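Here's the letter readout for the chains.
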Amino acid sequence: QVTLVESGGGLVQAGESLRLSCTVSGYTDSVAAMAWFRQAPGKEREFVSGISGHGSYTDYADSVRGRFFVSRDNAKYTAYLQIDSLKLEGTAVYYCGGQGRDYTSRSEKDYRTWGQGNQVNVSS
């Protein structure tokens, strides 16, 4: 049994920054690669960023590259998503996902465990 718990969402002005956290509890060994997805109202969940089990490899969607930064601290069983220069279109629920394979897939279906979601609202 494994659970991902997210925190850090909120209301942010466009151009400002935010850091999301995703903490793994329970059977932590079952989670290797982790990723962040987001889902805006009326849209499908889309890939944002991924990170390998030990943080040696990271991946970013083109839309966020250079503004979003993924990291993890395995001693704290936590992955982070630093979000800089937020845009209005960044308004979404941000989810972290985990999978047993150490592969930063961009496909939602490859992630078997999900956090509860962080609502990020970006205002002008």
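Residues numbered from 1 in each chain as written. Predicted model: local features only at pLDDT ≥ 70, side-chain atom pairs only at ≥ 80, totals over all residues. Heavy atoms only, no water.

Go over the packing of aromatic side chains with me, naming the residues and quoting the values.
Within the structure shown, the criterion is met by five aromatic pairs. Summarising the aromatic geometry, the rings of F37 and W114 are spaced 5.3 Å apart at their centres and angled 70° between planes, so their arrangement reads as edge-to-face. Within this pair, whereas F37 is found in strand β4 (residues 34–39), its partner W114 is found in strand β10 (residues 113–114), the two being separated by 77 residues in sequence. Judged by relative accessible area, which is 1%, F37 ranks as buried. Through a chain of ring-to-ring contacts, the aromatic side chains of F37, F47, Y111 and W114 assemble into a single cluster. A cation over a ring is seen here: R45 above Y95, with NZ or CZ 3.9 Å from the ring centre. The ring centre of W114 lies 4.5 Å from the NZ or CZ of R45, which sits over that ring. (Phe/Tyr/Trp six-rings, centres within 6.5 Å; stacked < 30°, edge-to-face > 60°. Helix = DSSP H or I, 4+ residues; strand = E, 2+ residues; numbered from the N terminus. Buried < 20%, exposed > 50% of the residue type's maximum accessible area, 1.4 Å probe, protein only. Lys NZ or Arg CZ within 6 Å of the ring centre and 35° of its normal.)

Talk me through the state of the cysteines; I want residue IDs and the actual numbers.
All told, the structure shown has one disulfide when counted by the stated rule. Covalent S-S linkage joins C22 and C96, the inter-sulfur distance amounting to 1.9 Å. Looking along the S-S bond of the C22-C96 disulfide, the torsion reads about 60°, which is the right-handed sense. Here C22 is found in strand β3 (residues 18–26), whereas its partner C96 is found in strand β9 (residues 92–98), with 74 residues between them in sequence. You can call C96 buried: its relative accessible area is 1%. (Disulfide = S-S within 2.5 Å.)

An account of the sheet that holds strand β7 (residues 68–73) is requested, with residue identities and associated values reported.
One key point about sheets: their strands pair by backbone hydrogen bonds, in either a parallel or an antiparallel sense. The four strands lie next to each other as β1-β3-β8-β7, forming an open sheet whose pairing is antiparallel. Lying at the two open borders of the sheet, with one neighbouring strand each, are β1 (2–7) and β7. Ignoring which end each strand starts from, the neighbouring axes of this sheet average 15° apart. (Pairing = 2+ DSSP bridges. Axes fitted to C-alpha atoms, helices over the stretch in contact; angles between N-to-C directions.)

Lay out unusual backbone geometry in plain terms, naming residues and giving numbers.
With glycine set apart, most residues show a phi of negative sign, and most peptide bonds adopt trans. Not every positive phi belongs to a glycine, and Y77 is a case in point at roughly 55°. When you line up the elements, Y77 lands in the loop between β7 and β8 (78–83). By relative accessible area, which is 46% here, Y77 ends up partly exposed.

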